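Notes for the structure review
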Amino acid sequence: MSVKMYIGMFSKPSLSFTHATLLLIFTILLVSSLALVFAKSTSVPSRSTWDVIIYGGTPAAITAALQVKRMNKVVAIVCPETALGGLTTSGLGWTDSKNGAAIGGIAREFYSNIYEYYNTDSTTIWKHQTRKEYIKLNIGAQPGRAIDEDAKVQWTFEPSAAQHVFDKMISDEQIEVYRDQRLNREGGGVNKNGSKITQICTLSDRCFPAQQFIDASYEGDLMAAASIQYQVGRDSQTKYGESLAGISLDRRDNYANIDPYIKPGNSDSGLIHGLEKEITGPTPGSWEGSSDFIRLQSFNYRLCLTKLSSNSIPFEKPDNYNVSDYELLLRLYEANLTSGFTTQRMPNLKTDSNSKGPMSFDFVGGNFDVESNMTYSEASYSQRQKIFRHHKDYQMGLLYTITHNERIPEKERMKWAQFGLAKDEFVDTDNWPKQLYIREARRMQGMRILTEQDVEESAGYIGDSIVGLGSYSLDSHVVRRIVQNGQIYDEGGFYARKTDPYPLPYQIIVPKREDATNFLNPVTLSASHVAFGGVRMEPTYMVLGQSAGIAAVLAIEQEADVQDVHRDSLTRLMHLYQQNIGS
Ligand SMILES: *[C@@H]1O[C@H](CO)[C@@H](O)[C@H](O)[C@H]1NC(C)=O
Ligand SMILES: *[C@@H]1O[C@H](CO)[C@@H](O)[C@H](O)[C@H]1NC(C)=O
Ligand SMILES: *[C@@H]1O[C@H](CO)[C@@H](O)[C@H](O)[C@H]1NC(C)=O
Ligand SMILES: *[C@@H]1O[C@H](CO)[C@@H](O)[C@H](O)[C@H]1NC(C)=O
């Protein structure tokens, strides 16, 4: 089937907001007596088993839970976080999809609920600008116009708006949520009988038995604790025959011949901060395209900034600031290479600010340590806390440097100092996002592994169901910076424009049968590092989360292993609930 046909199937949005609301009111009336029994169970469990347990707080966890509930099964979200919504509620308002038509189902409900949230003149919603003023900016967001009046969806939003909308969807449909529940990853955290997971237990000694489990965390902690096969890092070019795979130096002169040594010109003085190592002579022949199982593409916080002084908090120096950490940045500015950060315009004069240029928000090298063989994916909870802290310090220090250091041209300092952290966002966490942007951690090795070819050629998947559409370019942020013969290079980044949506088969969210027969994985799914670069986007996670919810319920109803869920029923329900996805 051609990509055009997939798109054709989707032009209809699924439930409209009003329909969904009516349906909800109706449902709430019907189940209100039951609800009384269960609604308050977020602190004290009133049941001893569930049909489906979902681990993690990402948007995929939310869509999965809503779907299971709508199919009348007993479901709960168990998550280590206190707030739900992952990056969607933590700064990423610049929706990552190149085609809004590829987003259907509950994901689309979310973006239409965002539209409804902002579709008002109320000054409690539009505190710092009017809706008209925002529309006048004529912002072309990635999936389409920022506010699409015809489709009644909105693709740009403040973190607090996304939080409001998700929280309302969760409470309207009375989804049970157990917060602050970290999976016990040490042993005893996941009980199995053969290849069947029977229950998961958290560090607070609570256990959640269920028939089906969905890992919707960014890390894949449940998958790992359940001994399901996965991989971390980068595949070699030969493994799946992928042109973008493996170690690869970016040969473009991104660093304008900047001297990499602490004492310029003196290689004995060592490399300045942020450069991993120096290779002298030619690049080793076996090097390019080879695998790397430690290093991850870089992470950062997506910051919500504003220039509106009455709502802005100036950038401050972090406690353990060391200016030598930013020597590369200072040398970049001295070579007239400015970078700063992006300023995608969200409502109310705020931004979703991301990394931009050779040294910016991305903390290159901040999520692994080769010497101690540490990678964020495998790191303990306490190591991860340190990684979060380092990322925050790094990014705060960078902002402080570009707004205060005298080696930065005054004009540039003034330009960036106009911004500050939005005072009315993330009010519980010092205006700093709650969630680090974990672009990639583990990836399952499931029934089928999605690869670069699958994305490029939109392969047919005979005998399988299509459970989502990828709609983003293949995109890996830089993994590290290295020096070769005195010249600095980025390593590991790629961006391959791919604008046509591509089908995602069910088998990529299903583990191998020997690993688990009642487990689904819509986030740390089964893909090569290259293919994951296009799938790893919030709206795609939402779509796949909903699909995992459908499949989990089918597995229960059909008394089938997840591997054997009847594909014709699955495809039928995809049409029913997501409307845009066919097989
Ligand atoms: C494990 O599963 C088998 C087969 O379904 C069942 O007979 C057995 O009772 C289970 N064992 C436990 C300890 O639950
Ligand atoms: C800053 O970092 C440099 C290089 O790592 C180190 O030599 C110096 O002692 C540090 N300064 C402080 C105050 O920690
Ligand atoms: C950077 O720009 C300034 C002002 O245009 C110029 O004086 C200086 O020579 C430039 N420096 C480099 C390294 O190109
Ligand atoms: C490094 O860590 C990985 C898991 O992250 C492990 O598989 C590997 O054996 C470790 N290597 C060494 C040398 O310890």
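Structure shown above.
Let us look at the structure shown here. (Residues numbered from 1 in each chain as written. Chains lettered and ligands numbered in written order. Predicted model: local features only at pLDDT ≥ 70, side-chain atom pairs only at ≥ 80, totals over all residues. Heavy atoms only, no water.)

**Side note on the sheet that holds strand β24 (residues 487–491)**
Read across the open sheet, the three strands follow the order β12-β23-β24; overall the sheet is mixed. Every other strand in the sheet has two partners, leaving β12 (278–279) and β24 as the edge strands with one partner each. Note: β12 against strand β23 (residues 480–484), two bridges, orientation parallel. Residue pairing in the sheet places I279 in a bridge with Q484 of β23. (Pairing = 2+ DSSP bridges. Helix = DSSP H or I, 4+ residues; strand = E, 2+ residues; numbered from the N terminus.)

**Brief notes about the pairing of strand β1 (residues 50–55)**
Across the six residues that make up β1, a large majority, six, are buried. For β1 and strand β8 (residues 207–215), the ladder comprises five bridges, and the chain directions are parallel. When the sheet's bridge partners are listed, W50 is paired in β8 with A210. With helix α3 (residues 59–70) bridging β1 and the parallel strand β2 (residues 75–78), this β-α-β connection has right-handed handedness. (Buried < 20%, exposed > 50% of the residue type's maximum accessible area, 1.4 Å probe, protein only. Right-handed = clockwise from strand over helix to strand, strands pointing away.)

**As for the pattern of salt bridges**
Pairing between side chains of opposite charge can happen when their charged atoms approach one another. Tallied over the full model, the rule gives 38 salt bridges. In this structure, D221 and R384 form a salt bridge, with 2.8 Å as the shortest nitrogen-oxygen distance. Taken as a pair, D221 in helix α7 (residues 221–225) and R384 in helix α10 (residues 381–404) lie far apart in primary sequence, 163 residues in all. A relative accessible area of 3% places D221 in the buried class. One salt-bridge network, held together by shared partners, links R234, E276, D292, R295, R480 and E491. (Salt bridge = Lys/Arg side-chain N within 4 Å of Asp/Glu carboxyl O.)

**Observations regarding the packing of aromatic side chains**
The tally for this structure, following the rule as stated, stands at 24 aromatic pairs. Taken together, a centroid distance of 5.7 Å and an interplanar angle of 90 degrees make the contact between F110 and F157 edge-to-face. In this pair, F110 is assigned in helix α4 (residues 105–118) and F157 in the loop between β4 (153–154) and α6 (159–172), connecting sequence segments 47 residues apart. The residues F110 and F157 share a single accessibility class, namely buried. Look at F299 and Y376: their rings are 5.4 Å apart centre to centre, the planes differ by 90 degrees, and that puts the pair in the edge-to-face class. Residue F299 is located in the loop between β12 and β13 (305–306), and its partner Y376 is located in the loop between β18 (374–375) and α10; the two are separated by 77 residues in the primary sequence. According to the relative accessible area criterion, F299 is buried, its value standing at 0%. Ring pairing ties together the aromatic residues F110, Y111, W155, F157 and F166, which thus form one cluster. Above the face of the Y381 ring, R185 is positioned so that its terminal group lies 4.9 Å from the ring centre. The lysine or arginine in question, R384, covers the ring of Y376, its NZ or CZ lying 5.0 Å from the ring centre. (Phe/Tyr/Trp six-rings, centres within 6.5 Å; stacked < 30°, edge-to-face > 60°. Lys NZ or Arg CZ within 6 Å of the ring centre and 35° of its normal.)

**What about the side chain of S526?**
Locating S526 in the fold gives a position in the loop between β27 (519–520) and α13 (529–535). Engagement of the side chain of S526 in a polar contact is seen with the backbone oxygen of M444, the distance being 3.3 Å. Those residues in contact with S526, other than ones at most four positions away along the chain, are M444, Q445, G446, R448, I449, L450 and I508. (Polar contact = N/O pair within 3.5 Å; in protein donor to acceptor, adjacent residues only side chain to side chain. Contact = heavy atoms within 4.5 Å.)

**Some points on the packing of helix α14 (residues 538–557) against helix α15 (residues 567–578)**
For the pair α14 and α15, the least separation of the axes is 10 Å and the interaxial angle reads 135 degrees. The pairing of α14 with α15 is recorded here as oblique in orientation. In this structure, the crossing between α14 and α15 has a hand that is right-handed. On the side of α14, the interface is formed by V543, Q546, S547, I550, A551 and L554, while α15 contributes S569, L570, L573, M574, Y577 and Q578. Looking at the contact of α14 with α15, its residues break down into eight nonpolar, four polar and no charged. (Axes fitted to C-alpha atoms, helices over the stretch in contact; angles between N-to-C directions. Parallel < 35°, antiparallel > 145°, perpendicular 65-115°, else oblique. Left-handed = near helix turned anticlockwise from the far one by under 90°. Nonpolar A, V, L, I, M, F, W, Y, C, P; charged D, E, K, R; others polar.)

**Things to note about the environment of V553**
Its location among the elements puts V553 in helix α14. What makes V553 buried here is its relative accessible area of 0%. In this structure, the C-alpha to C-alpha distance between V553 and T571, residues 18 residues apart in sequence, is 14 Å. Not counting chain neighbours up to four residues away, the residues in contact with V553 comprise V68, M71 and K73.

**Focus on the side chain of Q154**
Mapped onto the elements, Q154 comes out in strand β4. Engagement of the side chain of Q154 in a polar contact is seen with the backbone oxygen of T156, the distance being 2.9 Å. The contact partners of Q154, leaving out residues within four places of it in the chain, are Y111, I114, Y115, Y118, Y134, A146, I147 and P347.

**Structural notes on helix α9 (residues 327–334)**
The buried fraction of α9 is high, at seven of eight residues. All of the buried residues along α9 are E327, L328, L329, L330, R331, L332 and Y333. Contact partners of the buried residues in α9: β10 (261–263), α10, α11 (410–417), β23 and β24. Where α9 ends, the next residue or the one after it, N336, has phi of about 65 degrees, a positive value.

**Re the nonpolar core**
Grouped together as the largest cluster of nonpolar side chains are 134 residues, with contacts concentrated most on I54, I77, F110, Y506 and L520. Ranked by residues supplied to this core, first place goes to α14 with 12 residues. If we ignore the near neighbours within four places in the chain, the residues touching Y506 are D464, S465, V467, L520, A551, V562, V565, R567 and L570. The next biggest cluster of nonpolar side chains, apart from the first, holds 21 residues, and it includes A76, V190, I197 and F519. (Core = buried A, V, L, I, M, F, W, Y, C linked by side-chain atoms within 4.5 Å.)

**A look at the packing of α3 against α14**
Across the interface, α3 lies against α14 with an axial gap of 7 Å and an inter-helix angle of 35 degrees. Crossing hand, α3 versus α14: right-handed. Within the contact between the two elements, α3 uses P59, A60, T63, A64, Q67 and V68 and α14 uses E538, Y541, M542, G545, Q546, G549, I550 and V553. Broken down by class, the residue content of the contact of α3 with α14 amounts to eight nonpolar, five polar and one charged.

**Describing a positive patch on the surface**
Together, K307, K356, K411 and K415 give the surface a local cluster of positive charge. Along the polypeptide, K415 turns up in helix α11. By relative accessible area, which is 37% here, K415 ends up partly exposed. (Patch = residues over 30% accessible without salt bridge, like charges linked within 9 Å, V, L, I, M, F, W, Y side chains within 5 Å. Areas by Shrake-Rupley, 256 points an atom, 1.4 Å probe, with all protein chains shown as cover. Lys, Arg positive; Asp, Glu negative; His and termini not counted. Charge placed at Lys NZ, Arg CZ, Asp CG, Glu CD.)

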